[in-house]
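Summary of structural features
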Protein chains: 2
Amino acid sequence: MLITEKALRAFTKNIFLAMGCSPEHATLAADVLLLADMRGIDSHGVARLTGYVRLWEKQRINADPNIQIVHETPTTATIDGDGGLGLVVAPFAMKVAIEKAEKYGSGWISVRNSNHFGIAGYHALMAVEKNMIGFAMTNASPLVAPTFSNERMLGTNPMCYAFPAGKYPPLIVDMATAAAANGKLEIAQRLGKQVPEGWIQDKTGNYTTDPHALKTGGSLLPLGSDREHGSHKGFGLSATVDILSAVLSGANYGPWVPPFVAFLEPPTDPVGKGIGHFLGAMRVDGFRPVGEFKVDMDNWISRFKSASTIDPKQKVVIPGEPEFEAQTNRQKNGIPLVDSVANDLNELAKKMKIAPLNH
Amino acid sequence: MLITEKALRAFTKNIFLAMGCSPEHATLAADVLLLADMRGIDSHGVARLTGYVRLWEKQRINADPNIQIVHETPTTATIDGDGGLGLVVAPFAMKVAIEKAEKYGSGWISVRNSNHFGIAGYHALMAVEKNMIGFAMTNASPLVAPTFSNERMLGTNPMCYAFPAGKYPPLIVDMATAAAANGKLEIAQRLGKQVPEGWIQDKTGNYTTDPHALKTGGSLLPLGSDREHGSHKGFGLSATVDILSAVLSGANYGPWVPPFVAFLEPPTDPVGKGIGHFLGAMRVDGFRPVGEFKVDMDNWISRFKSASTIDPKQKVVIPGEPEFEAQTNRQKNGIPLVDSVANDLNELAKKMKIAPLNH
């Protein structure tokens with residue numbers, strides 16, 4: 001089915017209200033999820049609503065958190081999310097980062113005691129709107145094995161860097177540090193397809209193309225896939241995200257990160273509180289006049305768009321460009337929801353006693 | 001041959017003095033190169049001395065630069081390196097970043113008009129010594145093609161993140177954002193060996209295992225190697241380094257970055273000045289007491305070192321650990337120099353009228 005942005009936003013907000021979120025938090029959380037659906041990142045949008053509700057039912061998400069700064073300098077801070085939705089905690093933290101950047105040039109926030117924060121790009125874009133460069137990272141429940149290991153030690157730990165441009169949309173690098181994010185496995189599972197070698201290994205550490213291998217002790221591989229192709233770099237990037245997000249804030253790190261699914265219990269020996277994020281903002285005019293920067297950004301983008309191609313039909317893709325195109329398209333034509341997601345959401349509406357999807 | 005750290009350091013300093021560097025700059029530049037040799041990153045140590053001298057002979061390196069802050073806020077700055085050695089310009093910039101971090105919690109410097117800065121790890125470690133987290137990146141002359149392209153548009157653009165630990169050595173992620181750095185190709189060339197698929201493509205965009213393919217129009221591939229395995233992520237990381245280092249500072253970016261080799265001329269239509277770096281420092285105690293952070297870093301490292309392994313003989317490698325072991329070993333046993341490098345250096349000594357290598 002196709003649904004309008006407005007209708008899906010209202011529905012999503014109603015779910016969060018029914019969980020007990022304040023109107024302000026419900027509006028914000030819906031905004032974060034909707035941006036994922038608008039930008040075509042369907043794995044991180046409303047498809048996750050039932051998951052958030054299940055965690056809330058198990059009291060692993062606090063719908064009415066008291067989010068607080070617990071430590072700070074003029075340009076750094078640690079924020080405790082009080083077990084709230086990451087969808088609410090991360091924008092709070094980014095707002096603090098932006099305020100610090102307005103005063104001092106840059107602002108950097110490490111967050112503990114939070115939950116899944118949706119797409120990293122939402123938070124980084126908050127900075128871009130202020131002519132700042134935005135940074136957003138989060139750790140996540142362990143699915144990825146380090147190079148040489150067959151143990152799930154790290155999440156798909158995304159890093160996002162977002163830069164304002166002039167006539168072009170912002171350039172946004174928003175990427176899992178695994179070879180392939182879990183969402184891609186889920187698509188293959190639904191379609192009954194195999195996945196390429198280099199995405200997952202089975203429990204003995206051999207490559208497998210079975211997208212269900214995670215259920216039998218397998219693990220995702222870091223970006224680079226194997227040592228020869230640089231998987232130690234993917235591991236290093238993932239470690240960086242984990243340390244900035246969790247070791248720095250006092251959240252759980254590595255294999256101690258609590259699972260995102262309600263049917264798996266969190267470790268009984270936590271090393272910190274909840275999951276962790278890291279958010280940052282730097283004023284472009286802390287380095288150079290914004291106008292000059294944007295002229296060079298546009299020149300960068302246009303030069304890369306015209307780079308010589310291997311297949312004349314496939315041009316170089318500027319990071320963030322496909323998502324911007326999806327957004328333009330879905331604003332006009334609505335958001336496609338697959339049947340299984342629409343059915344889940346209507347079941348959820350019944351349970352939470354709100355109106356069903358209305359398209 | 002084996003040479004002591006002290007002898008190689010003295011030799012290297014003499015070369016820089018003969019180029020016209022001040023004693024202070026010559027000492028510093030030698031220190032940066034020596035750390036690479038000590039840490040086993042031989043491609044970035046004294047093996048590069050002849051290259052620096054050739055660029056200086058062509059007046060593309062200024063041995064006596066007037067390095068200046070040209071724009072700043074309390075926590076950000078742009079520095080113009082005046083065409084100096086990156087080995088001198090980058091530590092200057094990192095010192096400014098550290099001073100800002102001491103006052104305000106963090107400091108971030110974008111650098112233009114510089115040259116090759118040696119190993120990123122040197123600069124990031126300057127912050128670690130002050131109980132800060134260190135960041136160091138640089139763009140580099142174009143060898144890497146973006147996903148879907150066969151044109152060399154980006155350097156191997158390294159990013160480095162360095163974290164202090166307690167009883168363990170600092171955790172240092174220091175990586176080229178290409179699938180394999182150019183130094184690895186050079187090793188294969190010397191040994192007459194093929195390289196794995198996924199490192200390079202020929203000029204038509206097909207994988208090749210010929211390590212000489214760069215000479216016939218080929219290009220290096222981003223981390224991830226191909227689209228299916230995430231090369232768009234390697235491209236995105238490399239773009240991030242390029243933008244933070246050069247678009248933000250006003251240096252040359254993308255295909256306009258001047259070549260590191262003297263026999264290739266720089267582009268005649270520069271878009272900025274020299275090459276660019278990006279350096280940053282954040283105080284750990286801007287987030288959390290240093291002692292607490294180090295306890296958790298040690299716990300992180302020890303947990304990852306004991307992760308279940310695929311091959312019992314190959315444990316998980318903590319980023320920076322092999323380089324630390326090389327340093328300990330070479331401090332005791334000296335630095336091995338291959339004959340070709342030792343001969344080059346003695347030729348160079350003759351030309352620069354300094355004493356030959358003395359072991």
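Residues numbered from 1 in each chain as written. Chains lettered and ligands numbered in written order. Predicted model: local features only at pLDDT ≥ 70, side-chain atom pairs only at ≥ 80, totals over all residues. Heavy atoms only, no water.

Details of the interface of chain B and chain A
Counting residues at the interface gives 91 residues for chain B and 91 residues for chain A. Counting the surface lost from both chain B and chain A, the interface buries some 7300 Å², and carbon and sulfur atoms represent 67% of this. It is B:Phe148, B:Lys233 and B:Phe287 that lose the most area in chain B upon contact with chain A, and together they represent 11% of the buried surface on that side. If you look at where chain B meets chain A, you find two salt bridges. Along the contact surface separating chain B from chain A lie 40 residue pairs in polar contact (both at pLDDT 80 or more). Top element by residues in the side of chain B that touches chain A is helix H7 (residues 231–247) of chain B. It accounts for ten residues. Its residues assigned to classes, the side of chain B that touches chain A shows 49 nonpolar, 28 polar and 14 charged. (Contact = heavy atoms within 4.5 Å. Buried area = accessible area lost by both parts, 1.4 Å probe. Salt bridge = Lys/Arg side-chain N within 4 Å of Asp/Glu carboxyl O. Polar contact = N/O pair within 3.5 Å; in protein donor to acceptor, adjacent residues only side chain to side chain. Helix = DSSP H or I, 4+ residues; strand = E, 2+ residues; numbered from the N terminus. Nonpolar A, V, L, I, M, F, W, Y, C, P; charged D, E, K, R; others polar.)

Structural notes on a nonpolar patch on the surface
Residue and element names in this part refer to chain A. There is a patch of nonpolar side chains on the surface, built from Val261, Phe263 and Leu264 and spanning about 310 Å² of accessible area. Relative to the assigned elements, Val261 resides in the loop between helix H7 (231–247) and strand S11 (275–283). In this structure Val261 comes out as partly exposed when scored by relative accessible area, which is 33%. (Patch = residues over 30% accessible without salt bridge, like charges linked within 9 Å, V, L, I, M, F, W, Y side chains within 5 Å. Areas by Shrake-Rupley, 256 points an atom, 1.4 Å probe, with all protein chains shown as cover. Buried < 20%, exposed > 50% of the residue type's maximum accessible area, 1.4 Å probe, protein only.)

A word on the confidence of the model for chain A
The pLDDT averaged across chain A works out to 97; a share of 100% of its residues lies at or above 70. In the predicted assembly, ipTM is 0.98 and pTM is 0.98. (pLDDT = per-residue confidence, 0-100.)

A word on the packing of aromatic side chains
Evaluated as defined, the whole model comprises 16 aromatic pairs over all chains. Aromatic pair A:Phe287 and B:Phe278: ring centres 6.4 Å apart, planes at 55 degrees, arrangement tilted. Taken together, the positions of A:Phe287 in the loop between S11 and helix H8 (290–305) and B:Phe278 in strand S11 (residues 275–283) put the pair across two chains. The two residues A:Phe287 and B:Phe278 agree in class, both being buried. Relative to B:Tyr161, the ring of B:Phe135 has its centre 5.6 Å away and its plane inclined at 80 degrees; by these criteria the two rings are edge-to-face. One end of the pair, B:Phe135, is in strand S5 (residues 132–138); the other, B:Tyr161, is in strand S6 (residues 159–163), with 26 residues separating them in the sequence. Aromatic ring contacts, followed pair by pair, group A:Trp108, A:Phe135, A:Tyr161, A:Phe278, A:Phe287, B:Trp108, B:Phe135, B:Tyr161, B:Phe278 and B:Phe287 into a single cluster. The ring of A:Trp256 is capped by B:Arg303, whose NZ or CZ atom sits 6.0 Å from the centre of that ring. (Phe/Tyr/Trp six-rings, centres within 6.5 Å; stacked < 30°, edge-to-face > 60°. Lys NZ or Arg CZ within 6 Å of the ring centre and 35° of its normal.)

Considerations on the environment of B:Tyr253
Examined against the element boundaries, B:Tyr253 turns out to sit in the loop between H7 and S11. Along the sequence, B:Tyr253 and B:Ile275 sit 22 residues apart, while their C-alpha atoms lie 7.4 Å from each other. Contacts of B:Tyr253, omitting those with residues within four sequence positions, involve A:Asp296, A:Asn299, A:Trp300, B:Asn139, B:Asp242, B:Ala246, B:Val247 and B:Val271. Within polar-contact distance, the side chain of B:Tyr253 engages the side chain of A:Asp296 at 2.6 Å. Polar contacts involving the side chain of B:Tyr253 include one to the side chain of A:Asn299, which spans 2.8 Å.

Concerning the sheet that holds strand S10 (residues 219–220) of chain B
Residue and element names in this part refer to chain B. Spatially, three strands are ordered S9-S8-S10 in an open sheet, and the strand pairing comes out antiparallel. Among the strands making up the open sheet, the edge pair consists of strand S9 (207–208) and S10. Where strand S8 (residues 200–201) meets S10, two bridges bridge the pair, whose relative direction is antiparallel. Looking across to S10, one finds that Ile200 is bridged to Leu220. (Pairing = 2+ DSSP bridges.)

Observations concerning empty space enclosed by the protein
Rolled over the atoms, a probe with the dimensions of a water molecule shows which regions are left empty. Scanning all chains against the criterion turns up two cavities of 30 Å³ or more. Together, A:Trp108, A:Phe135, A:Met137, A:Tyr161, A:Leu244, A:Phe278, B:Trp108, B:Phe135, B:Met137, B:Tyr161, B:Leu244 and B:Phe278 line the largest cavity. Residue assignment for the lining of the largest cavity shows that the elements contributing at least two residues are strand S5 (132–138) of chain A together with S5 of chain B. Of the residues in the lining of the largest cavity, the class split is twelve nonpolar, no polar and no charged. Each pocket or cavity is described by its volume, and for the second largest cavity that value is around 30 Å³. Taken together, B:Val144, B:Ala145, B:Pro146, B:Leu154, B:Thr177, B:Ala178, B:Pro222, B:Gly234, B:Phe235 and B:Ser238 make up the full set of residues lining the second largest cavity. (1 Å grid on protein atoms, 1.4 Å probe; cavity = no way out; pocket = protein on both sides within 12 Å on 5 of 7 lines; lining within 4 Å. Points joined across faces, edges and corners; volume = space filled by probe spheres on them.)

Some details on the relation of the copies chain B and chain A
Once turned by 180 degrees and shifted 0.0 Å along the axis, chain B lies on chain A with an RMSD of 0.0 Å. Here the two chains are linked by the operation of a two-fold rotation axis. Every residue of chain B has its C-alpha some distance from the rotation axis, and the shortest such distance is that of B:Gly224, at 2.4 Å. Looking at the interface residues of chain B, 100% of them are also at the interface in chain A, so both copies use one shared face. (Least-squares fit on C-alpha atoms with pLDDT ≥ 70 in both.)

Thoughts on the pattern of salt bridges
Residue and element names in this part refer to chain B. As enumerated under the stated definition, the model contains 28 salt bridges over all chains in all. In this structure, Asp42 engages Arg330 in a salt bridge whose closest nitrogen and oxygen atoms are separated by 2.9 Å. One end of the pair, Asp42, is in the loop between helix H2 (23–38) and helix H3 (49–57); the other, Arg330, is in helix H9 (residues 321–333), with 288 residues separating them in the sequence. The buried category is assigned to Arg330, whose relative accessible area is 11%. The salt bridge partner of Glu265 is Lys58, with a shortest N-O separation of 2.8 Å.

Digging into the environment of A:Ile67
Residues and elements named next belong to chain A. Mapped onto the elements, Ile67 comes out in the loop between helix H3 (49–57) and strand S2 (68–72). Each C-alpha atom, one on Ile67 and one on Ala176, is 26 Å from the other, the two residues being 109 residues apart in sequence. Apart from residues no more than four positions distant in its own chain, Ile67 is found in contact with Ile79, Asp80, Gly81, Val88, Val89 and Phe92.

Looking at the side chain of A:Ser249
Within the secondary structure layout, A:Ser249 lies in the loop between H7 and S11. Here A:Ser249 is in contact with A:Thr78, A:Ser110, A:Val111 and A:Arg112, once residues within four sequence places are set aside.

Focus: helix H6 (residues 182–191) of chain B
Residues and elements named next belong to chain B. Of the residues making up H6, those classed as buried are Gly183, Leu185 and Ala188. On its buried side, H6 packs onto S8 and S10. Looking one or two places after H6, you find Gly192, whose phi comes out positive at around 65 degrees.

Some details on the packing of helix H2 (residues 23–38) of chain A against helix H9 (residues 321–333) of chain A
Residue and element names in this part refer to chain A. Remark: H2 packs on H9, axes separated minimally by 8 Å, with the N-to-C direction vectors making an angle of 100 degrees. In terms of their interaxial angle, H2 and H9 are classed as roughly perpendicular. Seen from H2, the contacting residues are Leu35, Asp37 and Met38; seen from H9, they are Ala326, Gln327, Arg330 and Gln331. (Axes fitted to C-alpha atoms, helices over the stretch in contact; angles between N-to-C directions. Parallel < 35°, antiparallel > 145°, perpendicular 65-115°, else oblique.)

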